[in-house]
Amino acid sequence: MYRSWQMYFLNSGMGSSDFAGCDDKSGRVVWFDSRLSDPDVKRVLGDRFKPFLIISRSSVRIRSQMGICDSCHSGCCRSFAVPISGADIHQFTQYQNKNFWDFACRWEDSEGLISRNLAPHFFFEDAPDVPFVICLKHIPSVSFPGTTKCRFLMECLPDDDHPKGLGRCSIYHSRPHTCRSFPAKLNDDSELAILYEIPTNGRNGEPAYDLCPRQWTPADLDPNETIQSLVVAKYEMTFFKKIAVIWNQNPGPWNSFPEFINIIYANRISSGQVGNSSQDQSPDDSESLSNAA
Ligand code: SF4
Ligand code: SF4
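The structure reproduced in this document is the subject of the present report. (Residues numbered from 1 in each chain as written. Chains lettered and ligands numbered in written order. Predicted model: local features only at pLDDT ≥ 70, side-chain atom pairs only at ≥ 80, totals over all residues.)

**Examining unusual backbone geometry**
When glycine is set aside, most residues are seen to have a negative phi, and most peptide bonds are trans. Using the following cut-off: Under the scheme used here, helices are H or I runs from DSSP no shorter than 4 residues and strands are E runs no shorter than 2 residues, and both carry numbers assigned from the N terminus. Comment: burial labels come from other C-beta atoms within 10 Å of the residue's own C-beta, placed from the backbone, where a count of 20 or more is buried, 12 or fewer is exposed, and between is partly exposed.
Residue Phe182 is joined to Pro183 through a cis peptide bond whose omega torsion reads 5 degrees. Assignment of secondary structure puts Pro183 in the loop between helix 6 (177-181) and strand 11 (184-186). Phi at Asn97 is positive, roughly 55 degrees, even though this residue is not glycine. Along the chain, Asn97 falls in the loop between helix 4 (86-95) and helix 5 (100-103). On the basis of neighbour counts, which here come to 7 C-beta atoms within 10 Å, the residue Asn97 falls in the exposed class. Residue Ser190 is not a glycine yet carries a positive backbone phi of 60 degrees. With respect to the helices, strands and loops of the structure, Ser190 is situated in the loop between strand 11 and strand 12 (193-195). Residue classification places Ser190 among the exposed positions, given that 12 C-beta atoms sit within 10 Å.

**Overview of the site of ligand 2**
Applicable threshold: Each residue receives a C-beta atom placed from its backbone. It is near a molecule or strand if this atom lies within 6 Å of it. Each residue is assigned to one of three groups, with Ala, Val, Leu, Ile, Met, Phe, Trp, Tyr, Cys and Pro labelled nonpolar, Asp, Glu, Lys and Arg labelled charged, and all others, Gly among them, labelled polar.
In the region of ligand 2, the neighbouring residues are Ile68, Cys69, Cys72, Ser74, Gly75, Cys76, Pro183, Leu211 and Cys212. In terms of residue class, the shell around ligand 2 is made up of seven nonpolar, two polar and no charged.

**Side note on helix 8 (residues 257-266)**
The cut-off we apply is this: Comment: arc refers to directions from the helix axis out to C-beta atoms.
For helix 8, the complete set of buried residues consists of Phe257, Ile261, Ile264 and Tyr265. Relative to the axis of helix 8, the buried residues are bounded by an arc of 90 degrees and lie together on one face. Opposite the buried face of helix 8, at more than 90 degrees from it, the exposed residues are Glu259, Ile263 and Ala266.

**Section: the environment of Pro176**
For clarity, the threshold we go by: It is the C-beta atoms, placed from the backbone, that decide contacts: two residues are in contact if theirs lie within 7 Å.
Assignment of secondary structure puts Pro176 in the loop between strand 10 (166-169) and helix 6. Assessed through the 24 C-beta atoms surrounding it within 10 Å, Pro176 is described here as buried. The spacing of Pro176 and Ala233 is 57 residues in sequence and 8.5 Å in space, taken between C-alpha atoms. In this view, Pro176 contacts Val82, Ile84, Asp88 and Leu136; residues no more than four positions away in its chain are not counted.

Note that all results are geometric; they support no functional claim without further evidence.
Spelled out as structure tokens, the structure:
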């Protein structure tokens, strides 16, 4: 069942030299030195570890600190359509050399269940009456055939202790703001965080979409980091809504969307001659944004 697993070598970006793989037979995580080259690793591991997944130790360590997520198969990264902002898109495409079409998609959201009034709706030339939310792309899951998962979620073998396997975010340090703020939201004053009540399953009852093994408590989260993540997430989505207003005035084709976003975000910093005092700024900055577009 797991023979088709891919091998991954990920640079942790944190100076860590340790990497991990899943032992094909025991399902246990094993660590080894990332200074080994690809052929070296194959020679050292040989047949013993044939199909395995490599994950960076730093991802595991930080995820482990969260406790509740430590032994989870990451049902949240399988269940939900995750809205991303233009800032997320710009970071991925311009600074991490990721291809927009490889990580992003547009999800139809006629009932507003994905946007939840937080993420903007975009309209496109080929379906002018359909509201879409820009989200992380889903791909088929190997661990749970017939289900899908975030394309950045790495799956690790099930074992006796983890019958659904383990899930790890392959871009943990640069994951979108929506992911960083889960499972909390800001209160009306944007000063306090409120924890969502998490249902037992995120979709249709499939085990792949089972969510947290227990409800989150305030002690599970760093209060400062949580508020800061939520504030940034809200700020970026508010800005993205302004971008949507401009785009939706004259919706273009879906294939021109990434270029539009990159132009806007590349012009987010001015040299200081324009709009550098509160008197100079229009109430919603829409004029300067339009100029940038
Ligand atoms: S980016 Fe990472 S944290 Fe966010 S949904 Fe994907 S795997 Fe999960
Ligand atoms: S489903 Fe809940 S416990 Fe599991 S990774 Fe997601 S937030 Fe953590």
